[in-house]
Amino acid sequence: MMGMKRDKKDEEDASGGNPFHNVEKTAVLQEARIFNETPVKARRCTHVLTKILYLINQGEILGTTEATEAFFAMTKLFQSKDVVLRRMVYLGIKELAMIAEDVIIVTSSLTKDMTGKEDTYRAPAIRALTAITDNTMLQAIERYMKQAIVDKSPAVSSAALVSSLHLFKTAPEVIKRWVNEAQEALNSDNVMVQYHGLGLLYQIRKTDRLGVTKLVAKLTKMPLKSPYAACHLIRMVCKLIEEEESAGGEVTTLMDYLESCLRHKSEMVIYEAAHAIVNLRRTGPRELAPAISVLQLFCSSPKPALRFAAVRTLSNVAMTHPAAVTACNLDLENLITDSNRSIATLAITTLLKTGGEASVDRLMKQIASFVSEISDEFKVVVVEAIRSLGLKYPRKHSTLMSFLSGMLRDEGGLEYKASIADTIIAIVEDNPDAKEAGLTHLCEFIEDCEHTSLAVRILHLLGREGPRTKQPSKYIRFIYNRVILENAAVRAAAVSALSHFGATCEDLLPNILVLLQRSQMDTDDEVRDRATYFYSVLSRKQAALNSQYILEGLQASLVTLEKALLNYVQHPSEAPFDLKSVPLAPVIEERHVAPTGQLDGGGSRATPASVAAPTATRLPATATRQDVYIEKLSAIPQFDSFGPLFKSSAPAELTESETEYVVRCVKHTYAQHMVLQFDCTNTLSDQLLEKVNVAVEAPEGFDILVSIPCDKLEYSVLGTCYVALSLPESVLSSTGTCSATLKFTVKDCDPTTGQPDSDDGYEDDYVLEDVEIGVSDHIQRAAKASFGTAWEEMGSTNELQETFSLPAIRTLDEAVRNIISFLGLQPCEWSDKVPEGKSAHTLLLSGVFRGGFEVLVRSKLALSPEGGVTMQLSVRSGDPEVSELVASAVG
Amino acid sequence: MDNHVLEPSLYVIKGIAILDNDGKRILAKYYDPNTLSTAKEQKVFEKNLFNKTHRANTEIIMLENMTCVYKSNVDLYFYVMGSNHENELILVSVLNCLYDSISQILRKNVEKRSLMENLDVVMLALDEICDSGIILESDPTAISYRVALRNDDIPIGEQTVAQVLQSAKEQLKWSLLK
């Protein structure tokens, strides 16, 4: 069949059957001279004009002069009475309007056509006119446009409405005056006019919620004839529901309307309504049920688009409400063999989300049978589904892992491979049983991986996880192979990974040293430098050096470090640069968020994009929140003497939301000082506040050094005032509670202008909630790659041990979360994850106390038989008082 | 996944394309200035789209964050593209309208040769179906009426279509469309 077609086509080409075969720009533009001949040869001119439009459509670019010349020649064709030629001229005007100059010249010709008798000219003339109209000309044609909107010919009316919508982008004010005409169009008998009328009317009223509410109330009572208009109305209703919800309004009637649309006679409208219902934030199981059963029905439709639509929507619902979709499992299973691969893939991933543990093996087998036939985008969807499955059913890791490794070996782009590697990494980090197998698969993958960035990431992971497996030596061969075979970036990463093995596994050290020595001869600077550096550190054989210079890496915030170094270079001093003076980078939390979100089934944010996002945000050295604070605080001269900023807390609300004044407090900790930053917002539009400050009563041992007021607080403009405290000498008394009151002078003002009515004001104050200063405000999170080494290194000089019973806490998970938030320390070695079904757990935490003292905490937790949790807390730090403070904080 | 409410807007079509059986563009229009705005991007997309769709006639595919519905006949491929959140059935209705209109214009002779002969009228039809992304008309009969194809004057049958000489064909066409 194909062959036949081809033969026929070749024949055609040979005989010049395709009139547009080999058309060439300059030649065609030459031919366009025929436009100037009188009388107009309609047939020839149409053909030439078609050629010009064909060329433009093929992506040929006309210069301004060429376009202008062609445009002016084209205007001559208005003399002809030929219908098709005239219509082609309109098309030509639209195409050339953007490129040619002085296109307004045809306005009068078009206006004449638009108001003339010939119906076939009027509608397209209006649309062509829109393309060349600017704001100044709009006034001149406004009257005609308004008439056209209410014209009895549907084509003219639609053309005018659609043109109005296009013009709305540039001249909304003018178009808004046409609201009555749009209203009339809405009542038209023609379905398209009704649809376009609704579109325009909504566009005009969009910003006026009351207007939209009225419009919707009216339209939901009268059935719309056009299915397009009904779909548009459904979207309007949804938007309104979301807005009303957030404003606390009543939406029951609107929801009822959506449900009634499920019984519409057009499939398009039924699907739109079902899709709308499942996507609404407020939708619960009760609203979901009728929508799901409609979608279920669509799953067995003979139309592929309808099946696709239904299964795609179901797969989205499965993310948020897996239980509701379970009812469709049987229909979804039938779709696995659908001839449209997109439908089959969506069906399988949905089943993976809703199905039980037992069906995993069977489904994986089915996916394997066609995975090579689907597009990369869908493969990524499959991988995402496997990832959430791996986290949901840890016991199935071997099936999933071998499947993933099979996929890794297949053809595929970087995005696809990266998502597989991410998934394996996520499973490895989450599930200790899967670690060895996962690392082995990754090792095999880098043997034959053409993506440098991926290979580097995997080598980094091997360096981190490999040394702590039962048999670290087996990874060395894979890593060293990279050193021999790969490009410079991968070699450098491999050298770093090797050094991690050397630092952690003593028995491998002599061999590693030999390997590093070889790399010192590398052709690339970076590889050589790394090898030399690691070799010299490792050859000293000191555990402290190893952990500090190899395992831990740089913990300072990169942006701040850059600024500090720049400052040092610009103001040279005798003293060497002190790295300790640079604040630590706050450990980024997001890493766990995505996988756990999926784990509990509430992973509504688990789009491929959002899963990829944390990986992306981790890479570039973006300015963190803390960097922003440093910028702000360093601009205030009173705080200069405090030294570098150590830590900033998360903002705490000191007022209820929706009160007259909203105040948030951020605590900034320095080595010996603390600055309280109060962000205040005035929510009263008829008041102007002046001389705003916060009066603080400091706890014992704290002294108030300076209070910086905010001069003026206008309506809904954020103002900031500061209070600086000196911290007590004794570390032990550095926690406490400050009571706070907002003091200010009120001036009444005009809500619209913000100008005060008079210069007199009166003083007032507003009591805020207390500011708590806890242990966590003095501690910065800092991860330790190897907690054990750090623990031994610190020694037991300042060790404190205490046992607590926490009767109010029910589960180990809850205990872990509480301790972390209370102490503000960083969990190490994934110890914040409590394996399911265990009755005891050890939580390892590390961080730095202000003044640069390291703090390590080992907390052994056990569920006690009579309920509650028993905890044995061991604290080690560089200072006895710090240990005592930390140990006492929990009780 | 896309847990958001669709913004009510009439701009629902992102693109319409007609390709031949080598995946070469015959006509294509892209309406969203933010997607595929350059001719180069468009050609790459079309190539990709064609490779994914020309073997299996399964009506719908997701590609580069767009939902594409398609239909083919002999040596022609018709595509309608919309946002990947768009109601697929709306896109299908536009595709059907495109196909049926062209089928009426070409008097059921939906193949490349006859389409190229009537390219001007096909361009007009495309312009009547969608105006800068807004669906203008969805009724094929209305479209063929508007592009000035009147069904009552088809005095000569299709047998003349295969005439060899270019000029002869043109003359015939004009006698049809007068």
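Residues numbered from 1 in each chain as written. Chains lettered and ligands numbered in written order. Predicted model: local features only at pLDDT ≥ 70, side-chain atom pairs only at ≥ 80, totals over all residues. Heavy atoms only, no water.

Along chain A, the regular secondary structure elements total 39 helices and 17 strands. Of all 891 residues assigned to chain A, the portion counted as buried reaches 53%. Restricting to contacts in chain A with at least 6 residues of sequence separation, those with at least 24 account for 65%. Approximately 40,500 Å² of chain A is accessible, and the part contributed by carbon and sulfur atoms is 52%. (Helix = DSSP H or I, 4+ residues; strand = E, 2+ residues; numbered from the N terminus. Buried < 20%, exposed > 50% of the residue type's maximum accessible area, 1.4 Å probe, protein only. Contact = heavy atoms within 4.5 Å. Areas by Shrake-Rupley, 256 points an atom, 1.4 Å probe, with all protein chains shown as cover.)

Quick look at the overall build of chain B now. Looking only at helices and strands, one finds six helices and seven strands in chain B. When the helices and strands of chain B are listed from N to C terminus, the series reads β-β-α-β-β-β-α-α-α-β-β-α-α. For chain B, restricting intrachain contacts to residue pairs at least 6 apart in sequence, the fraction spanning at least 24 positions comes to 52%. As displayed, chain B offers around 6,800 Å² of accessible surface, 51% of which is attributable to carbon and sulfur atoms.

Looking now at the interface of chain A and chain B. Each side of the interface is counted separately: chain A has 75 residues, and chain B has 68 residues. Counting each side, the surface lost to burial between chain A and chain B is near 6,900 Å², with a carbon and sulfur contribution of 56%. Applying the counting criterion to the chain A and chain B interface returns 10 salt bridges. We note a salt bridge from D127(B) to R127(A), for which the minimum N-O separation is 3.0 Å. Linking chain A with chain B are 24 residue pairs in polar contact (both at pLDDT 80 or more), by the criterion used here. The element contributing the most residues to the side of chain A that touches chain B is helix α18 (residues 304–320) of chain A, with nine residues. Each residue belonging to the side of chain A that touches chain B can be placed in one class, and the counts come to 30 nonpolar, 25 polar and 20 charged. (Buried area = accessible area lost by both parts, 1.4 Å probe. Salt bridge = Lys/Arg side-chain N within 4 Å of Asp/Glu carboxyl O. Polar contact = N/O pair within 3.5 Å; in protein donor to acceptor, adjacent residues only side chain to side chain. Nonpolar A, V, L, I, M, F, W, Y, C, P; charged D, E, K, R; others polar.)

Residue and element names in this part refer to chain B. The buried count for strand β5 (residues 76–83) comes to eight of eight residues, which makes it a mostly enclosed element. Judged from the seven bridges that link them, strand β1 (residues 13–20) and β5 form a sheet pairing that is antiparallel. What sits directly across from I18, in β5, is F78. Taken together, the eight bridges between strand β4 (residues 66–73) and β5 define a ladder with antiparallel strand orientation. Looking at β5, one finds that C68 is bridged to M81. Count of turn residues in the β4/β5 antiparallel hairpin: two residues, of which V74 carries a positive phi of about 45°. (Pairing = 2+ DSSP bridges.)

Residues and elements named next belong to chain A. In the contact formed by helix α24 (residues 397–409) and helix α26 (residues 435–447), the axes pass within 10 Å of each other and the chain directions differ by 10°. As the angle between them shows, α24 and α26 are arranged roughly parallel. Residues M401, S402, S405, L408 and R409 of α24 form the contact with α26, whose own contacting residues are G438, H441, E444 and F445. The residue makeup of the contact of α24 with α26, split by class, is three nonpolar, four polar and two charged. (Axes fitted to C-alpha atoms, helices over the stretch in contact; angles between N-to-C directions. Parallel < 35°, antiparallel > 145°, perpendicular 65-115°, else oblique.)

This part is about the pattern of salt bridges. In total, this model carries 43 salt bridges over all chains according to the counting rule given. Here D338(A) makes a salt bridge to R307(A), at a shortest N to O gap of 2.7 Å. A residue pair is termed long-range when its members are at least 10 positions apart, and D338(A) in the loop between α20 (329–335) and α21 (341–354) and R307(A) in helix α18 qualify at 31 residues. For the pair shown, D338(A) and R307(A) are each scored as buried. Each of the salt bridges in this network shares a partner with another, and the network as a whole consists of R87(A), K94(A), R127(A), D127(B), E128(B), D131(B), E137(B) and R146(B).

Below, the discussion takes up a negative patch on the surface. A grouping of E377(A), E415(A), E41(B) and E64(B) is seen on the molecular surface, where their side chains present a negatively charged patch. Note on placement: E415(A) falls in helix α25 (residues 414–430). (Patch = residues over 30% accessible without salt bridge, like charges linked within 9 Å, V, L, I, M, F, W, Y side chains within 5 Å. Lys, Arg positive; Asp, Glu negative; His and termini not counted. Charge placed at Lys NZ, Arg CZ, Asp CG, Glu CD.)

As a further point, take helix α15 (residues 252–261) of chain A. Within the span of α15(A), buried status applies to L254(A), M255(A), Y257(A), L258(A) and C261(A). End-on, the buried residues of α15(A) take up no more than an arc of 155°, which puts them together on one face. (Arc of directions from axis to C-beta.)

Looking now at helix α33 (residues 558–570) of chain A. Residues and elements named next belong to chain A. The end-to-end C-alpha separation of α33 is 18 Å, in line with the 18 Å expected for 13 residues at 1.5 Å each. Within the sequence span of α33, burial applies to V559, T560 and L561. Each element contacted by the buried residues of α33 is listed here: α36 (625–634). (Expected span 1.5 Å × (residues − 1).)

The description of an aromatic ring pair rests on the distance of the ring centres and on the angle between the ring planes. All names here are of chain A. Taken as a whole and judged by the stated rule, the model has 15 aromatic pairs over all chains. Geometrically, the ring pair formed by F639 and Y722 is edge-to-face, given 5.7 Å between the ring centres and 80° between the ring planes. You can see F639 sitting in the loop between α36 and β1 (647–648) and its partner Y722 sitting in strand β8 (residues 719–726), a full 83 residues away along the chain. A relative accessible area of 9% means that Y722 is categorised as buried. (Phe/Tyr/Trp six-rings, centres within 6.5 Å; stacked < 30°, edge-to-face > 60°.)

So, about the sheet that holds strand β3 (residues 60–63) of chain B. The strands that make up a sheet pair up through hydrogen bonds in the backbone, lying either parallel or antiparallel. Taking strand neighbours across the sheet as the criterion, the five strands line up as β2-β1-β5-β4-β3 (chain B) in an open arrangement whose pairing is antiparallel. Each edge of the open sheet carries a strand with a single partner, namely β2 (25–30) and β3 of chain B. Between one strand axis and the next, the sheet turns through 20° on average, direction left out of account. Sheet topology note: the β3(B)/β4(B) ladder contains four bridges and is antiparallel. Each residue of the ladder has a partner; that of L63(B), found in β4(B), is M66(B). The strands touched by α18(A) are β3 and β4 of chain B; relative to β3(B), the strand with the most contacts, the crossing angle is about 50°. Most of the contacts of helix α2 (residues 88–105) of chain B go to β4(B), to which it runs at about 30°, and overall it touches β1, β3, β4 and β5 of chain B.

Residue and element names in this part refer to chain A. Among the secondary structure elements, K747 is positioned in strand β9 (residues 736–748). Judged by relative accessible area, which is 11%, K747 ranks as buried. Among the polar contacts listed, one links the side chain of K747 to the side chain of E690, at a separation of 3.1 Å. Residues contacting K747, with those up to four places away along its chain left out, are D686, Q687, L688, E690, P756, S758, D759, D760 and G761.

Residue and element names in this part refer to chain A. This prediction gives chain A a mean pLDDT of 81; 92% of its residues lie at or above 70. Mean pLDDT across the elements of chain A bottoms out in helix α34 (residues 593–599) (34) and peaks in helix α12 (residues 191–205) (93). Note on residues 1–16: pLDDT under 50 across the span, and 15 contacts to partners over four residues away in sequence or across chains. Low pLDDT, under 50, characterises residues 588–622; the predicted model gives this stretch 47 contacts beyond four residues in sequence or across chains. (pLDDT = per-residue confidence, 0-100.)

Glycine aside, residues mostly have negative phi, and peptide bonds are mostly found in the trans state. Backbone torsion omega between T38(A) and P39(A) reads -10°, so that peptide bond is classified as cis. At L36(B), a position not held by glycine, the phi torsion is positive, near 50°. Its place among the elements puts L36(B) in the loop between β2 and α1 (39–53). L36(B) sits in the buried class, given a relative accessible area of 12%. Although it is not a glycine, R107(B) adopts a positive phi angle of roughly 50°. Within the element layout of this structure, R107(B) appears in the loop between α2 and α3 (112–117).

Another point: the side chain of R876(A). All names here are of chain A. The residue R876 is located in strand β17 (residues 869–877) in this model. The exposure class of R876 is buried, given its relative accessible area of 10%. In this structure the side chain of R876 is engaged in a polar contact, spanning 2.6 Å, whose partner is the side chain of E799. Excluding residues within four positions of it along the chain, R876 makes contact with W791, E792, M794, G795, S796, N798, E799, E854, V855, L856 and S883.

This brings us to the nonpolar core. Ranked by size, the top nonpolar core spans 250 residues in total, and within it F35(A), L110(A), M407(A) and I13(B) carry the most contacts. Those residues in contact with L110(A), other than ones at most four positions away along the chain, are F78(A), Y90(A), I93(A), A125(A), A128(A), L129(A) and I132(A). (Core = buried A, V, L, I, M, F, W, Y, C linked by side-chain atoms within 4.5 Å.)

In this section: the pairing of β1(B). All names here are of chain B. Within β1, eight of the eight residues are buried, which leaves the element mostly enclosed by the surrounding structure. Bridging between β1 and β2 involves five bridges; their strand directions are antiparallel. Within β2, the residue paired with I18 across the bridge is L27. In textbook terms, the turn of a hairpin is the stretch between consecutive antiparallel strands, and for β1 and β2 this stretch comprises four residues, one of which, G23, has a positive phi near 80°.

Interpretation of the predicted coordinates at a detailed level should be avoided for regions scoring low in pLDDT. All names here are of chain B. When pLDDT is averaged along chain B, the result is 82, and 80% of the positions lie at 70 or above. A low-confidence stretch, residues 150–164 stays under pLDDT 50, and its non-local contacts, those more than four residues away or across chains, total 13 contacts. For this predicted complex, the interface confidence comes out at an ipTM of 0.84, alongside a pTM of 0.62.

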